[in-house]
Amino acid sequence: MILIDGKKAAAELREELRQEVSELKSKYSKVPGLTVILIGDLAPSQIYVRNKEKSAKEVGLKSEVIKYPDSVQEKTVLEKIQELNGDENVSGILVQLPLPKHIDKQKVIETIDPSKDVDGFHPMNVGNLSSGYESSVPCTPLGCYLLIKKIEPNLNGKKAVVVGRSNLNGKPMTQLLLKENCTVTITHSKTKDLKAECLEADIIVAAVGIPELVRGDWVKKDAIVIDVGINKTDKGLVGDVHFEEVSKNAKALTPVPGGVGPMTIACLLKNTIDCFKRSQI
Ligand code: NAD
């Protein structure tokens with residue numbers, strides 16, 4: 001079985017991006033800039049944002065974090081986003097989720113200029129992705145896609161099963177696999193026989209949030225299995241896939257941690273650079 005090393009793949013991607021930033025700097029005399037807006041003091045959000053800032057600096061991007069207290073008014077955040085939309089030194093804008101209850105998430109997402117939407121959540125980018133046009137793609141499914149392509153460059157006609165239909169993971173993952181000519185089944189909490197669906201799959205992407213949901217006898221021999229889940233349990237962090245069982249059948253499998261997670265931040269940097277490049281055309 002191939003253990004898909006997300007840490008190594010992310011380090012390779014960051015190195016490619018570092019070189020690209022250096023070339024862009026020579027060509028345009030400026031570097032792409034990522035601005036992250038962080039509201040409140042939720043510990044996981046603070047950690048994510050710190051890691052994003054650190055990784056951005058490592059590849060040579062300009063990186064800025066704007067912090068607001070939990071009590072900030074929605075209007076203040078929307079006005080800041082509008083200001084950043086008009087700032088030519090800002091290539092990418094990310095508002096760290098979740099937001100406090102009094103701030104309308106969808107309004108925030110729709111205020112970001114789609115050409116600076118490095119999370120790929122703006123309806124314009126969602127629509128472009130599903131129409132097969134160029135767009136920012138949400139970072140986690142983009143990372144999964146790059147890992148799958150490393151194992152199997154030609155996905156033509158492969159049967160893929162995506163477990164979970166969130167806007168963040170399942171739906172964009174489905175679009176990426178469709179674009180690669182996979183036959184995709186999207187499954188969710190109301191799916192009648194999830195095991196039977198998974199048993200058909202050459203590729204399984206699990207993004208559910210239920211510890212070890214996908215079992216060894218759900219997986220066809222030689223399937224590629226991508227585990228997006230991050231679940232805190234008594235035995236530590238586990239994915240949505242039963243690692244020990246599935247590793248006996250699968251051709252390739254991502255571990256948790258060290259699989260999809262590291263690719264997510266690397267893809268955010270990639271999206272920022274891609275937004276910059278599109279803005280220079
Ligand atoms: P979500 O809660 O928004 O969506 C979960 C999806 O799973 C829903 O579509 C639901 O219909 C489906 N589901 C629920 N129970 C099911 C069942 N029994 N069978 C089949 N489908 C079922 O979750 P999300 O935001 O997509 O996150 C999923 C997991 O991925 C979580 O563990 C989250 O922590 C993790 N995550 C990881 C990364 C990363 O970088 N690795 C990034 C984002 C999320």
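It should be noted that the structure appears before, not after, this text.
What you see is a predicted model, and the numbers here were worked out from it, not measured in a lab.

Asks: Quick rundown of the sheet that holds strand S5 (residues 159-163)? Include the residues and the values.
Replies: Read across the open sheet, the 6 strands follow the order S1-S11-S8-S7-S5-S6; overall the sheet is parallel. Single-partner strands in this sheet number two, and they are strand S1 (2-3) and strand S6 (183-187). Sheet topology places S1 next to strand S11 (residues 252-253); 2 bridges connect them, and they run parallel. Within S11, the residue paired with Ile-2 across the bridge is Ala-252. Lying over the sheet, helix H7 (residues 170-179) contacts S5, S6 and strand S7 (203-206), oriented at roughly 170° with respect to S6.

Asks: I'd like a description of the layout of surface pockets, backed by residues and values.
Replies: Considering only enclosed or pocket space, the second largest pocket measures out at about 250 Å³ in volume. Along the wall of the second largest pocket there are 14 residues; nearest its centre are Ser-135, Val-137, Leu-142, Lys-179 and Asp-274. Of all elements in the fold, only helix H6 (139-151), H7 and helix H10 (260-279) reach the threshold of two or more residues within the lining of the second largest pocket. Sort the elements by how many residues they give to the lining of the second largest pocket and H10 lands first, with 4 residues. Along the lines of polarity and charge, the residues of the lining of the second largest pocket split into 5 nonpolar, 3 polar and 6 charged.

About the criteria used
Residues numbered from 1 in each chain as written. Predicted model: local features only at pLDDT ≥ 70, side-chain atom pairs only at ≥ 80, totals over all residues. Heavy atoms only, no water. Pairing = 2+ DSSP bridges. Helix = DSSP H or I, 4+ residues; strand = E, 2+ residues; numbered from the N terminus. Contact = heavy atoms within 4.5 Å. Axes fitted to C-alpha atoms, helices over the stretch in contact; angles between N-to-C directions. 1 Å grid on protein atoms, 1.4 Å probe; cavity = no way out; pocket = protein on both sides within 12 Å on 5 of 7 lines; lining within 4 Å. Points joined across faces, edges and corners; volume = space filled by probe spheres on them. Nonpolar A, V, L, I, M, F, W, Y, C, P; charged D, E, K, R; others polar.

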